[in-house]
Every structure is written in structure tokens, then in C-alpha cells.
Amino acid sequence: MARVKGGLMAQKRRRNILDEVKGYRLQRSKKKRVAREAIYHAQLHAFAHRKDKKNDFRRLWTVRINAALMAYGIKYSRFIKMLKDKNVELDRKVIATLAVENPEAFGRIVAEVNK
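Residues numbered from 1 in each chain as written. Predicted model: local features only at pLDDT ≥ 70, side-chain atom pairs only at ≥ 80, totals over all residues. Heavy atoms only, no water.

Q: Tell me about the nonpolar core, and please be specific about residues and values.
A: Counting residues in hydrophobic clusters, the biggest one holds 16 residues, and the most contacted among them are I65, L69, F79, L83 and F106. Residue assignment for this core shows that the elements contributing at least two residues are α2 (32-69), α3 (76-85), α4 (92-101) and α5 (103-113). The element best represented in this core is α3, accounting for 5 residues. When residues no more than four places from it in sequence are discounted, the contact partners of F79 are I65, L69, I74, I95, F106, I109, V110 and V113. (Core = buried A, V, L, I, M, F, W, Y, C linked by side-chain atoms within 4.5 Å. Buried < 20%, exposed > 50% of the residue type's maximum accessible area, 1.4 Å probe, protein only. Helix = DSSP H or I, 4+ residues; strand = E, 2+ residues; numbered from the N terminus. Contact = heavy atoms within 4.5 Å.)

This is the structure in C-alpha cells:
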């Protein structure tokens, strides 16, 4: 049986790997061996960072709500407790969006729970 040379498939594999690392710096975007390692690490961190992003946004919403509440003289933790006591079913994302984009609606929510 004749020997099959793997030139075409090796070239295709190399091209696919290098396509995936477009925009990376230095050797990571040009050399297959270094590129494969870069892809491995990027995928490893991508999983963890997708999880971290949820915590980052929750922290951002907390800061925005707290900043908006300073004008009303209420602390964030007390405000959240008042929301729970009054059975207001708004999540932090919605409240933070209202605080930034629609302050008068946010003021009405604060007035409602502060009664």
C-alpha cells in the first residue's frame, strides 16, 4: 500500500488553529505550537470568567443602587430589607437600571417602600 502524506490535513489543521488566535500578540498568532497553548489557556479562563461576570454585574448594580439611595438618606441594606418586607418583586438589575435611567420612577419606588 502506498504511503499517504499528511501535508494537506496538517496545513488545514494549522490554518484552523491560527484562525482562532487572530489578534493575539507576538508568537501566539503566528506559530502553531504556541497558538495551541494560547487557545487552551484562553478557553480555560473563559469558563471561569463567564462565572465571574455574574458577580461583577451584581456588585455594579449594588453600587449604583447605593449611590442613588444616598439622595434619600437610606442605606442599601435597609432598602433591600424594606423591599422584601413590602413584597416588591424587583431584582437588583431592574432597580439599578431605573436608578440610572429613570430617577423619578426610582424615587416613587423608594417612597413606596419607605412608608
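Q: Run through the environment of G23, naming residues and quoting values.
A: Mapped onto the secondary structure, G23 falls in the loop between α1 (7-20) and α2. With relative accessibility at 73%, the residue G23 sits in the exposed group. Spatially, the C-alpha atom of G23 lies 32 Å from that of W61, the residues being 38 residues apart in sequence.

Q: Describe unusual backbone geometry, listing the residues and the values that go with them.
A: Not every positive phi belongs to a glycine, and L26 is a case in point at roughly 55°. Relative to the helices and strands, L26 is located in the loop between α1 and α2. The exposed category is assigned to L26, whose relative accessible area is 71%.

Q: Report on α3, specifying residues and quantitative values.
A: Taken as a whole, α3 has its buried residues at Y76, F79, I80, M82 and L83. Each buried residue of α3 lies within a common arc of 160° when the element is viewed along its axis, so the set occupies one face. Turned more than 90 degrees from where α3 packs its buried face, S77, R78, K81, K84 and D85 sit exposed. Considering only its buried residues, α3 is in contact with α2, α4 and α5. With its phi angle positive at about 55°, N87 sits one or two positions after the end of α3. (Arc of directions from axis to C-beta.)

Q: Kindly report on α4, identifying the contributing residues and their values.
A: Those residues of α4 lying buried are R92, I95, A96 and A99. Within α4, the buried residues cover an arc of 100° as seen down the axis, which keeps them to one side. In the core, the buried residues of α4 are packed alongside α2, α3 and α5.

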